[in-house]
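Okay, here's what each chain looks like letter by letter:
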Amino acid sequence: MFARLARLGVLLLLIGAVAACNDLGFDQRAQVPLSGSVKARLSGMQSSPGAPMLVRIFKEESQLEVWKQTSAGTYKLFNSYKICAWSGDLGPKIKEGDRQSPEGFYSISRGLMNPKSNYYLAFNTGFPNKFDRAYGRTGSNLMVHGDCSSRGCYAMTDEEIAEIYALARESLAGGNNSFSLEIYPFRMTPENIARHQSNPNMDFWRNLKTGYDIFEITRKPATWDVCDRKYVFDAATPDGKPLDATAPCPNLSYDSSLVAALNAKQAADDSAVKVALADEAAAKQKAAEAAAAKAQAEAEAKARGEAISNTWSGFWGGLFGGGGQSEGGSGSNG
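The sections below set out a description of the structure shown in this document. (Residues numbered from 1 in each chain as written. Predicted model: local features only at pLDDT ≥ 70, side-chain atom pairs only at ≥ 80, totals over all residues. Heavy atoms only, no water.)

Observations regarding the packing of aromatic side chains
On inspection of all chains with the given rule, the structure shows 14 aromatic pairs. On the numbers, 5.1 Å between centres and 40° between planes, the contact of Phe 131 with Tyr 135 is tilted. Residue Phe 131 is classed as buried on the basis of its relative accessible area of 2%. Between Tyr 231 and Phe 233 the ring centres are 5.9 Å apart and the planes differ by 20°, which places this aromatic pair in the stacked class. Looking at Tyr 231, the relative accessible area reads 3%, which means it is buried. The exposure class assigned to Phe 233 is buried, which follows from its relative accessible area of 5%. Here a set of aromatic residues connected by ring pairs shows up, and it is made of Phe 58, Phe 105, Phe 131, Tyr 135, Tyr 184, Phe 204, Tyr 212, Trp 224, Tyr 231 and Phe 233. Here the guanidinium or amino end of Arg 187 rests over the ring plane of Phe 58, the centre of that ring lying 4.1 Å away. (Phe/Tyr/Trp six-rings, centres within 6.5 Å; stacked < 30°, edge-to-face > 60°. Buried < 20%, exposed > 50% of the residue type's maximum accessible area, 1.4 Å probe, protein only. Lys NZ or Arg CZ within 6 Å of the ring centre and 35° of its normal.)

Some remarks on empty space enclosed by the protein
Empty space among the atoms becomes visible once a probe the size of a water molecule is rolled across them. Here the structure, examined in full by the defined rule, presents one cavity of 30 Å³ or more. Roughly 30 Å³ of volume is contained in the largest cavity. What lines the largest cavity is simply Phe 105, Tyr 106, Ser 180, Leu 181, Glu 182, Pro 221, Ala 222 and Trp 224. Those elements that place two or more of their residues in the lining of the largest cavity are β5 (104–109) and β10 (178–184). Among the elements that take part in the lining of the largest cavity, β10 stands out by supplying three residues, more than any other. Residues of the lining of the largest cavity, tallied by class, amount to six nonpolar, one polar and one charged. (1 Å grid on protein atoms, 1.4 Å probe; cavity = no way out; pocket = protein on both sides within 12 Å on 5 of 7 lines; lining within 4 Å. Points joined across faces, edges and corners; volume = space filled by probe spheres on them. Helix = DSSP H or I, 4+ residues; strand = E, 2+ residues; numbered from the N terminus. Nonpolar A, V, L, I, M, F, W, Y, C, P; charged D, E, K, R; others polar.)

A word on the nonpolar core
One finds Ile 57, Leu 64, Val 66, Leu 167 and Phe 179 to be the most contacted residues of the largest nonpolar core, which totals 33 residues. It is helix α4 (residues 158–173) that provides the largest number of residues to this core, a total of seven residues. Apart from the residues within four sequence positions on either side, Leu 167 is in contact with Leu 34, Val 38, Leu 42, Pro 49, Met 53, Val 66, Phe 78 and Tyr 81. Counting 25 residues, the second largest nonpolar core, distinct from the first, contains Phe 105, Tyr 184, Ala 194 and Ala 276. (Core = buried A, V, L, I, M, F, W, Y, C linked by side-chain atoms within 4.5 Å. Contact = heavy atoms within 4.5 Å.)

A few points about the sheet that holds strand β6 (residues 113–114)
Within a beta sheet, neighbouring strands are joined by backbone hydrogen bonds and run either parallel or antiparallel to one another. Strand order across the open sheet formed by five strands is β4-β9-β8-β7-β6, with mixed pairing between neighbours. Here the strands that pair on one side only, and so sit at the sheet edges, are β4 (85–86) and β6. Two elements, strand β7 (residues 122–124) and strand β8 (residues 143–145), share three bridges in a ladder whose sense is antiparallel. Residue pairing for β8: Ala 122 is matched across the bridge by His 145. (Pairing = 2+ DSSP bridges.)

Laid out in structure tokens, this is it:
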């Protein structure tokens, strides 16, 4: 009996040791320091590991960008990573189980970091956010993670998520409460807007585009809130309190210079969209005319071929078959 208890004790110790090793592995994985080359690149762009960070995701292009704040206060692109896999189609996530990767604006705090993910490392997107909840959208555990496999998440290679996770960890350790995550269906260019103009999500995407445009103008992530079930960006509320996501928007104030720059950019983009749509319509018309001309040419060629075939058929028929019938008729009459 004593020997059996001793063996059981040894077995329990081994199991505990294995579990401890696994936990240690997870912990070590999440604590791998930034490489010297990454630190050198950050320094070269006048940034640092602890500086604020922005992550932008573009579904259609399958790209994830990491931007870091520089000593000048603006952000510079640190690196662009190829997304290994994402789920669903262009457009927002609607409900749990639809296997759709989300779109929108999210804030990633320490509590959304997942050092013990089953997919190497991960951080939660924060879906559903205030905007998503205003539409009753549901979903859970929508992550940016490793393992290159997606069921509603954005999957990276393990090597890529290791670097992205470390950059996020150091940014949060630098005194920042969160970092910004902006997820778009595609780069919000006039050409892409024109190409997807008929998509039923266009109104939602144009709302996202305002935040995108602010970053393009200022090279700083836009602050966001939600009222009247839409995003509002860089807006000051009358009482300084968060907005009610489903209530009508109150009187909001904006920086006048930013509004002027934003209006100018959006007017220019709208003009470019019209040009792109006109070019697309002209191209479709030209293609239709070319297809019609080709069909007509093929029909005329077929008709000519049939006419030639009938002509030769009549010639050979008259040469051989026609003479025999004449002789037979003459003999019948004689």
